[in-house]
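# Understanding the architecture of this molecule
Here is what each chain is made of, one letter per residue.
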Amino acid sequence: MEGPRDEPLGYLLHRVTAALRAEVTTTVLEPLELAVPEYFCMRMLWQSPKSNAQLAREANVSPQAMNKVIRELQDRGLVTRPATVSSGRSLPATLTREGVALLKSLDPQVAEAEDRVLAKLSEQDRREFRRLLLAVG
């Protein structure tokens, strides 16, 4: 029987990601008619305004796919982009007040979903898991 060291790290991370994504999607995002890419985009914009190209690179998706996400968030009034900029071609997206409020309201729900996925770990193990992920990524 294979032990933890025998499983490829990418496979283990994928399994955790898939479990977390499913839990967050069904219990938190779907009731609000939000998709995971929209949530991730809002989370990235929480840190700072970003261009479509920057968001696409950070999310590892095509600029066309990210543009669709941004447009959907704009249509909902959660993200805004300026019509023009003083220099360059980049139109940095920012969260609106509504977007910030929604993201803040999602945080406790996402934390609860994470707790359900990590329920087999002690609180100390959860903190250590987060610390290790931050150190690596």
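What you see as residue numbers is a count from 1 along each chain, following the sequence as written. Only residues with pLDDT of at least 70 are given local features in this predicted model, and only at 80 or more are side-chain atom pairs given and counted; all residues enter the totals for whole chains, interfaces and linings. For the side-chain quantities, the full set of heavy atoms in the structure was used; hydrogens and water were omitted.

### Points about the side chain of T96
Here is the rule: Elements are defined by DSSP. Helices are runs of H or I of four residues or more, strands are runs of E of two residues or more, and each kind is numbered from the N terminus. Burial here depends on accessible area, computed with a 1.4 Å probe over protein chains only, as a share of the maximum for the residue type. Under 20% is buried, over 50% is exposed, and the range in between is partly exposed. Between two residues, a contact is recorded if the distance between any of their heavy atoms is within 4.5 Å.
Checked against the element boundaries, T96 lands in the loop between strand 2 (94-95) and helix 5 (97-117). Overall, T96 belongs to the buried group, its relative accessible area being 16%. Residues within four places of T96 in sequence aside, it is in contact with G77, L78, V79 and T80.

### What to know about the environment of V69
Looking at where V69 falls in the secondary structure, it is placed in helix 4 (residues 63-75). For the pair formed by V69 and A35, sequence separation is 34 residues and the distance between their alpha carbons is 9.1 Å. Residue contacts for V69: discarding those within four places in its chain leaves P37, E38 and C41.

### Here's the deal with the nonpolar core
As a reminder of what qualifies: Here, nonpolar core means buried Ala, Val, Leu, Ile, Met, Phe, Trp, Tyr and Cys residues that are tied together by side-chain atoms lying within 4.5 Å of each other.
Ranked by size, the top nonpolar core spans 25 residues in total, and within it L29, C41, L45, M66, I70 and L73 carry the most contacts. Only helix 1 (9-29), helix 2 (36-47), helix 3 (52-59), helix 4 and helix 5 provide two or more residues apiece to this core. Tallying contributions element by element places helix 2 first for this core, with 6 residues. With residues up to four places along the chain from it excluded, the contact list for I70 reads C41, L45, N52, L55, V79, R81 and A93.

### Quick word on the environment of M66
Inspection of the secondary structure assignment puts M66 in helix 4. Spatially, the C-alpha atoms of M66 and E38 are 9.0 Å apart, while their sequence positions differ by 28 residues. If sequence neighbours within four positions are ignored, M66 has contacts with C41, M44, N52, L55, A56, A59 and V61.

### Overview of the pattern of salt bridges
The line we're drawing: Should a side-chain nitrogen of Lys or Arg be within 4 Å of a carboxyl oxygen of Asp or Glu, the pair is scored as a salt bridge.
Overall, the coordinates contain 8 salt bridges when judged by the stated rule. The partner of E128 in a salt bridge is R131, with the nearest N and O atoms 2.7 Å apart. Placement of the pair is E128 and R131 together in helix 6 (residues 123-136), with a separation of 3 residues, close to one helical turn. Given a relative accessible area of 45%, R131 falls into the partly exposed group.

### Some details on the packing of aromatic side chains
For the record, the criterion: Note on aromatic pairs: the rings of Phe, Tyr and Trp (six-membered ring only in Trp) are paired at centre separations within 6.5 Å, and the planes decide the class, stacked below 30 degrees, edge-to-face beyond 60, tilted for the rest.
Per the stated rule, a full pass over the model turns up 1 aromatic pair. On the numbers, 6.0 Å between centres and 45° between planes, the contact of Y39 with F40 is tilted. Owing to a relative accessible area of 9%, Y39 belongs among the buried residues under this scheme.

Distances and angles like these do not, on their own, reveal function.
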